[in-house]
Amino acid sequence: MSAFSTTYKVSGVNSGHCKAIVTEALRGLESVDTVHVEISTGLVTVNTRTEPDDALISTTIDDAGYDFHGRA
């Protein structure tokens, strides 16, 4: 069960395809339970079992081809 829910601002997520890429990339991280991406706002909510590692999440989003702007 998730203990933390953290929302980040990400740009470049403009379609369902982009949403799927970001979701899959973040779901690949060990402590991530669920990911919710809002295409219209660029907000990405990550639910994790442990305190989220913002640097790792930033790198994962950047590696997927999107721009991480930090916590919303």
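All figures in this text were calculated on a predicted structure; none of them were measured in a lab.

**Overview of the overall build of the protein chain**
Argument step 1. Each helix and strand counted, the protein chain has two helices and four strands in total.
Argument step 2. For a compact globule of 72 residues, the expected C-alpha radius of gyration is about 11 Å, and the protein chain comes in at 11 Å, within 12% of that figure.
Argument step 3. Principal-axis analysis of the C-alpha atoms places the extent of the protein chain at approximately 30 × 20 × 20 Å.
Argument step 4. Split into buried and exposed, the 72 residues of the protein chain put 38% on the buried side.
Argument step 5. Within the protein chain, contacts between residues separated by at least 24 positions form 60% of all contacts whose residues are at least 6 apart in sequence.
Argument step 6. For the protein chain, the exposed area adds up to about 4000 Å²; of that, 51% sits on carbon and sulfur atoms.
Argument step 7. The centroid of the 5 positive side-chain charges in the protein chain is displaced by 7 Å from the centroid of its 10 negative side-chain charges.

**Some words on the pattern of salt bridges**
Argument step 1. For the structure shown, the criterion picks out three salt bridges.
Argument step 2. As a salt-bridge pair, glutamate 51 and arginine 71 come within 3.6 Å of each other at their nearest N and O atoms. Remark: arginine 71 occurs in strand E4 (residues 67–71) and glutamate 51 occurs in the loop between strand E3 (43–48) and helix H2 (54–63); sequence separation between them is 20 residues.

**Notes on the packing of aromatic side chains**
Argument step 1. Summed over the entire model, instances satisfying the criterion amount to one aromatic pair.
Argument step 2. Centre to centre, the rings of tyrosine 8 and phenylalanine 68 are 5.4 Å apart; their planes meet at 45 degrees, and the pair counts as tilted. Remark: phenylalanine 68 occurs in strand E4 and tyrosine 8 occurs in strand E1 (residues 4–11); sequence separation between them is 60 residues. The pair tyrosine 8 / phenylalanine 68 is uniform in exposure class, with both members buried.

**As for the UniProt feature "domain: HMA" (unreviewed entry) in the protein chain**
Argument step 1. As recorded in UniProt, the sites labelled "domain: HMA" (unreviewed entry) are residues 4–69.
Argument step 2. Between the end C-alpha atoms of residues 4–69 there is a gap of 19 Å, over a span that is 33% helix and 36% strand.

What counts, and at which threshold
Residues numbered from 1 in each chain as written. Predicted model: local features only at pLDDT ≥ 70, side-chain atom pairs only at ≥ 80, totals over all residues. Heavy atoms only, no water. Helix = DSSP H or I, 4+ residues; strand = E, 2+ residues; numbered from the N terminus. Rg over C-alpha atoms; globule rule 2.2 N^0.38 Å. Buried < 20%, exposed > 50% of the residue type's maximum accessible area, 1.4 Å probe, protein only. Contact = heavy atoms within 4.5 Å. Areas by Shrake-Rupley, 256 points an atom, 1.4 Å probe, with all protein chains shown as cover. Lys, Arg positive; Asp, Glu negative; His and termini not counted. Charge placed at Lys NZ, Arg CZ, Asp CG, Glu CD. Salt bridge = Lys/Arg side-chain N within 4 Å of Asp/Glu carboxyl O. Phe/Tyr/Trp six-rings, centres within 6.5 Å; stacked < 30°, edge-to-face > 60°. UniProt positions renumbered as here; feature names shortened; annotations may be inferred.

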